[in-house]
Structures are given as C-alpha cells and as structure tokens.
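Chain residues, written in single-letter form:
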Amino acid sequence: MLLNVFSQPLPDPSELDTWHVTLRCGHRAEWRQHFTSSLFTASTMVCTECGDIRGVLSSELIAEAPARAEAARTREIRRIARREVERLRAIEQLEAAQRRVDELDQQADAGGWADWQA
Ligand SMILES: [Zn+2]
C-alpha cells in the first residue's frame, strides 16, 4: 500500500490550481490541488504556523492551473468538430433528398405522370 503511494506519478505543476485557505486559528495557508477537483473539500489542514491540525474556515481559488484553460480549449475544439460533422451529415442528407426529388421529376417528365393522368 505504501509502495503504491510512492509509485504514483507526481502531478504536473501546470495541472495544479492554487488555493488560499483561512484556518480557524486565523492563519492562512496555500494549497495546490489538481484542477479537475473544482471544489476545495478539505475540512482540516495542518497549520504550518501553529503546527496543529486546524479547521478550514474558508477557501478561495487564487490561481487557476494553466492546464485548466487548455482542457477547456480542447473541449471547445471537440464540440466545434462534432458540430461540423453534424453539419456535413445534414448537407449530405439534403443533397440525397434533392437527388431523389430530381429522379422523381425526371420520371414524371418521361411520361409516368402523363400515363397516370390518361
Ligand atoms: Zn495556525
């Protein structure tokens, strides 16, 4: 188990948000956590000033991880790409429908319609 903890890769610093945390003792601490955790959820922290475990009064995200913006850009690019695929599919369906209308018009012009009317 302990070996497992040490075998985990260290997080990329560009993926870490920086939080300012106010503790019940009145001291403030800085905390970094991965940007995919969008909330600060710890209820206690070791105060580096007091050396004791203190409750967390409040937390504030003060610096977003650069990777957060990059991840948002990647999601936006994927969303735009999906829309483009949908748009191209709709154009293909429209063109297929127009070809079918043209075929039916040609059949009607070739006498099918006149035969039906007679
Ligand atoms: Zn303290």
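Starting afresh in each chain, residues are numbered from 1 along the sequence in its written order. Reporting in this predicted model follows two pLDDT cut-offs: at least 70 for local features of residues, and 80 or more for side-chain atom pairs to be given and counted; totals over whole chains, interfaces and linings ignore these cut-offs and use all residues. Side-chain descriptors were evaluated using all non-hydrogen atoms of the structure, hydrogens and water having been removed beforehand.

**Q** How should the overall build of the protein chain be read in this particular structure?
**A** Regarding its fold elements, the protein chain presents two helices and four strands. Ordered by position from N to C terminus, the α and β elements of the protein chain give α-β-β-β-β-α. Under the scheme applied here, a residue whose accessible area is under 20% of the maximum for its type counts as buried, over 50% as exposed, and between as partly exposed, the area being computed with a 1.4 Å probe on protein chains only. Going through the 118 residues of the protein chain one by one, you find that 16% of them count as buried. A separation threshold of at least 6 residues defines the contact pool for the protein chain, and within that pool the share at least 24 residues apart is 45%. Residue-level accessible areas treat just the shown protein chains as cover; the underlying method is Shrake-Rupley with a 1.4 Å probe. Total accessible area on the protein chain is roughly 9,600 Å²; 55% of this is exposed by carbon and sulfur atoms. Helix and strand labels come from DSSP, where a helix needs a run of H or I of at least four residues and a strand needs a run of E of at least two; each type is numbered from the N terminus. By definition in these notes, contact holds between two residues if any of their heavy atoms fall within 4.5 Å.

**Q** How should the side chain of Asp17 be read in this particular structure?
**A** Relative to the elements of secondary structure, Asp17 occurs in strand β1 (residues 16-23). For Asp17, the side chain forms a polar contact with the main-chain nitrogen of Ala65, separated by 2.6 Å. Any pair of N or O atoms that falls within 3.5 Å is considered a polar contact. Within protein, one atom must be able to donate a hydrogen and the other to accept it, and sequence-neighbouring residues count only if both atoms are side-chain atoms. A distance of 2.3 Å separates the side chain of Asp17 from the side chain of Arg68, its partner in a polar contact.

**Q** Which parts of the structure should I look at to understand the coordination of the zinc ion?
**A** In a perfect tetrahedron of four donors around a metal, the angles come out at 109.5 degrees. In a perfect octahedron of six, they are 90 or 180 degrees. Nitrogen, oxygen and sulfur within 2.8 Å of a metal are treated as its donors, or within 3.2 Å for sodium, potassium and calcium (Na, K, Ca); water is not counted, so a site can appear incomplete. The coordination sphere of the zinc ion, as far as protein atoms go, consists of Cys25 (SG), His27 (ND1), Cys47 (SG) and Cys50 (SG), spread over 2.1 to 2.2 Å. Coordination at the zinc ion is tetrahedral: its four donor atoms span angles of 100 to 117 degrees at the metal. Donor residues for the zinc ion, ordered by position in the chain, follow C-x1-H-x19-C-x2-C. Residue His27 is located in the loop between β1 and β2 (28-34), and its partner Cys50 is located in the loop between β3 (44-46) and β4 (53-63); the two are separated by 23 residues in the primary sequence. Accessibility expressed as a relative area gives 28% for His27, which makes it partly exposed. On the basis of relative accessibility, which here comes to 31%, the residue Cys50 falls in the partly exposed class. Square planar and octahedral sites, with four and six donors, are those where opposite donors lie more than 155 degrees apart and all other angles lie between 65 and 115, tetrahedral sites have four donors with every angle between 85 and 135 degrees, and the rest are irregular.

Function cannot be read off these values alone, since they describe shape.
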